[in-house]
Amino acid sequence: MTLMKTLLGAGAALALSAAGALAEPGLIIDLGGKFDKSFNESAYNGAQRWVEETGGDYLETELQSEAQREQNLRKMAERGANPIIVMGFANQSTLEKIAPDYPDTKFAIIDSVVDQPNVKSMLFSEQEGSYLVGVVAAMTTETDTVGFVGGMDVPLIRRFACGYAEGVKATNPDAKIISNMTGTTPTAWNDPVKGGELAKSQVSQGADVIYAAAGGTGVGVLQAAADEGVYSIGVDSNQNYLHPGSVLTSMVKRVDNAVYKLFSEGVEGFEPGLEVLDLESEGVGYAVDEHNEALITDEIKAAVEEAKAGIISGEIVPHDYYTDDSCPTLTF
Amino acid sequence: MDLATIIPILDATLRSATPLLFVCLAGLFSERSGIIDIGLEGKLLIAAFFSASVAAMSGSVWIGLLAGIGASLVLSLLHGVASITFRGNQLISGVALNFLASGLTVVIGENWFGLGGRTPQLSGAARFQPIHLPGVEAMADVPVIGPIYSNLISGHTILVYAAIVTVALTWWVLFRTRFGLHLRAVGENPESVDTAGISVIRLRYSAMVIAGVLCGIGGAYLATGLAAGFVKEMSAGRGFIALAALIFAKWRPWYALAACLLFGFLDAVGTRFQKLEVLGVNVPTQFMQALPYILTVVILAGFVGKAIPPRAGGTPYVKER
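Cut-offs applied
- Residues numbered from 1 in each chain as written.
- Chains lettered and ligands numbered in written order.
- Predicted model: local features only at pLDDT ≥ 70, side-chain atom pairs only at ≥ 80, totals over all residues.
- Helix = DSSP H or I, 4+ residues; strand = E, 2+ residues; numbered from the N terminus.
- Rg over C-alpha atoms; globule rule 2.2 N^0.38 Å.
- Buried ≥ 20, exposed ≤ 12 C-beta atoms within 10 Å, placed from the backbone.
- Contact = placed C-beta atoms within 7 Å.
- Domains from an automatic or database assignment.
- Nonpolar A, V, L, I, M, F, W, Y, C, P; charged D, E, K, R; others polar.
- Pairing = 2+ DSSP bridges.
- Axes fitted to C-alpha atoms, helices over the stretch in contact; angles between N-to-C directions.

Peer 1: Outline the overall build of chain B, listing residues and values.
Peer 2: Along its length, chain B carries 13 helices and 2 strands. Relative to the globule expectation of 20 Å for 321 residues, the C-alpha radius of gyration of chain B, 20 Å, shows essentially globular dimensions. Along the three orthogonal principal directions, the C-alpha set of chain B runs to about 65 × 50 × 40 Å. Here chain B holds 321 residues, and the buried ones make up 49% of them. Once local pairs closer than 6 in sequence are excluded, the contacts in chain B between residues at least 24 apart make up 77%.

Quick look at the structure:
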């Protein structure tokens, strides 16, 4: 009974502090890990940029297993973090359940939509960015065969794959696309050995450009591509530096900008609802830097820029897998 | 299906069978001596971590290999102390090792590198590079044999070849040396070995040392040969698959080779044919990915026949009651 009282007391104290004005923002990093060199790392970098620029402080937790989702989210809310950014589509159902329990806390979810008055949903137009790197892949391949390695087999990743396939087919209708998924469980985000084997298998089938949209697994894909002497395309973060000369480009998804913006706006600037970050708002794009300049020829650059302009103006509409759960250019 | 399809699959088979093989042989030694080794997974994991992190720090894969072996040895001896000296429950000790390895690797990794339990990417001399056997270029144009030799047999890291040699060595030690005879006897009937004036404790400890070294090499291959660095939980159940292969192989070295190659092959086929059309029916990806596991169950349940483990397995030896 005394223990119960202590716990209740502690809970009340936490609830009180949660109501305090000194709210720090919170960030919940998804499975795959903070240093996946991809999706989660991008969010972490955005948060770090905010820390450097404002000198502020934020709370951060990293999920270690599927079972921790609810527990971690509640703990973060009870510690008084506000707003809280939740990374990844896999947290959707958890957030739907928890958001009504903390009406004063503002939540933002990346890569999914949660319809609650205190939740902001942020989607990226992955199909647009993937279309662009698909154009680059199709211009670069000499074997007319390109590969795609996805992480967990979920609609989000199929959206990447479909956009990529559309870009490839639009540029080179004869090109063959080999698409593989690493797995059907969240461990597929963090299995570079399997990723490497998938990449090697695609190379043996003739692929000479491989696009990895697989979180931490992608590190193994990029490594295998570099070992086998073919090109690869990174994802989410700019991964060009990982294997200069082998990483053709990266489909950057500016999760860092989204996190930075949400942190900077804080509770005052928070607006619930849906925000789509697309090519036009520079939420997605392709990366060119000193590590891959030599690979992106003027011809490729012109073609990509043309596609980019086409997408922004609405002339080209890369198929969005979310709309009908299918892809005209690729079967799964 | 043509040669150009089959060779890459067999090539991948060899790569994924190698860590299984080392671990399977490690289990063979310890179980033949009467120590059940559930902790193979943990040893593999900790060896992968230490080999990758020391290779990253020193820049030499060989020093990394030694560190991996060392770490795996420590866990192996811990298992020995718990289950031989203190006569504890071998299953519990093994499970504890698995937890220990899974936690330690992340904690130490975070402390050393601050990369969330990863090690930095390895490159150059910090990784095992593929070696090209002599005459590859000359042979490459010969039909059938050429591609087999240059793509399948040549071009692996040294540890792949070492794994095959280890199988032969294990067979020789186990069935052609006095030590092997004693080791097999101690797993079946430790009393008789003791009566013959041979130390049961020493034999079992030496089996644990051999198991530790083999797991260490397996872990090093995983992190510095197959991959280019450590990520948390990278052993991904391979220790348990190796244990299944060991039962499948009925605790025999050459059978172990066959079993590990079979599991490697299933893995490779699942990777290569994610989409397969059989008789006009599309086999879903999920089925192909589950296939290795389904076949494991089917094979273990139906085809292995009667697998009789070493009789003294799992029971600590008490000299006098």
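Peer 1: Go over the domain arrangement of chain A, please, and point to the residues and values.
Peer 2: Residue and element names in this part refer to chain A. Taken domain by domain, chain A comprises domain 1 (17-125 + 256-277) and domain 2 (127-253 + 285-324). When each unit is reduced to the centre of its C-alpha atoms, the spacing between domain 1 and domain 2 is 28 Å. Facing the 15 residues of domain 1 at the interface are 18 residues of domain 2. Split into classes, the residues belonging to the side of domain 1 that touches domain 2 amount to 5 nonpolar, 5 polar and 5 charged.

Peer 1: Can you lay out the sheet that holds strand E6 (residues 145-152) of chain A for me, pointing to particular residues and giving the numbers?
Peer 2: Note: strands within a sheet are paired through backbone hydrogen bonds, in either parallel or antiparallel orientation. All names here are of chain A. Pairing within the open sheet is mixed, and its 6 strands lie in the order E7-E6-E8-E9-E10-E12. On the outer flanks of this sheet lie strand E7 (176-183) and strand E12 (284-286), each paired with one strand and no other. Taken over all neighbouring pairs, the strand axes of this sheet differ in orientation by 15° on average, direction set aside. Across 7 bridges, the pairing between E6 and E7 is parallel. Across the sheet, the residue bridging to Phe 148 is Ser 179, located in E7. Across the face of the sheet, helix H7 (residues 192-204) comes into contact with E6, E7 and strand E8 (209-213) while running at roughly 160° to E7. Where helix H8 (residues 217-228) meets the sheet, its contacts fall on E6, E7, E8, strand E9 (231-236) and strand E10 (247-253), and the angle it forms with E9 comes to roughly 160°.

Peer 1: How would you summarise the environment of Ala226(A) if you had to cite specific residues and measurements?
Peer 2: Residues and elements named next belong to chain A. Relative to the helices and strands, Ala 226 is located in helix H8. In this structure the C-alpha to C-alpha distance between Ala 226 and Gly 245, which are 19 residues apart in sequence, comes to 8.4 Å. When near neighbours in sequence (up to four residues on either side) are disregarded, Ala 226 contacts His 243 and Ser 246.

Peer 1: Summarise unusual backbone geometry; cite the residues concerned and give the values.
Peer 2: For residues besides glycine, phi is generally negative; the peptide bonds are generally trans as well. Following Asn82(A), the chain continues into Pro83(A) via a peptide bond in cis, with omega recorded as -5°. You can see Pro83(A) is positioned in the loop between helix H3 (69-78) and strand E3 (84-87). The backbone phi angle of Asp325(A) is positive, close to 55°, even though this residue is not glycine. What makes Asp325(A) exposed here is the crowd of 9 C-beta atoms within 10 Å. The phi dihedral of Lys250(B) falls on the positive side, at around 50°, and the residue is not glycine. Within the element layout of this structure, Lys250(B) appears in the loop between helix H11 (238-248) and helix H12 (253-272).

Peer 1: I'd like a description of the interface of chain A and chain B, backed by residues and values.
Peer 2: Between chain A and chain B, the contact holds 23 residues from the first and 18 residues from the second. Top element by residues in the side of chain A that touches chain B is H7(A). It accounts for 8 residues. For the side of chain A that touches chain B, the per-class residue count stands at 6 nonpolar, 11 polar and 6 charged.

Peer 1: Which residues make up helix H9 (residues 255-265) of chain A, and what are the values?
Peer 2: Along H9(A), the positions that sit buried rather than exposed are Val255(A), Asp256(A), Ala258(A), Val259(A), Tyr260(A), Leu262(A) and Phe263(A). Phi turns positive one or two residues past the end of H9(A), at Gly266(A), with a value near 65°.

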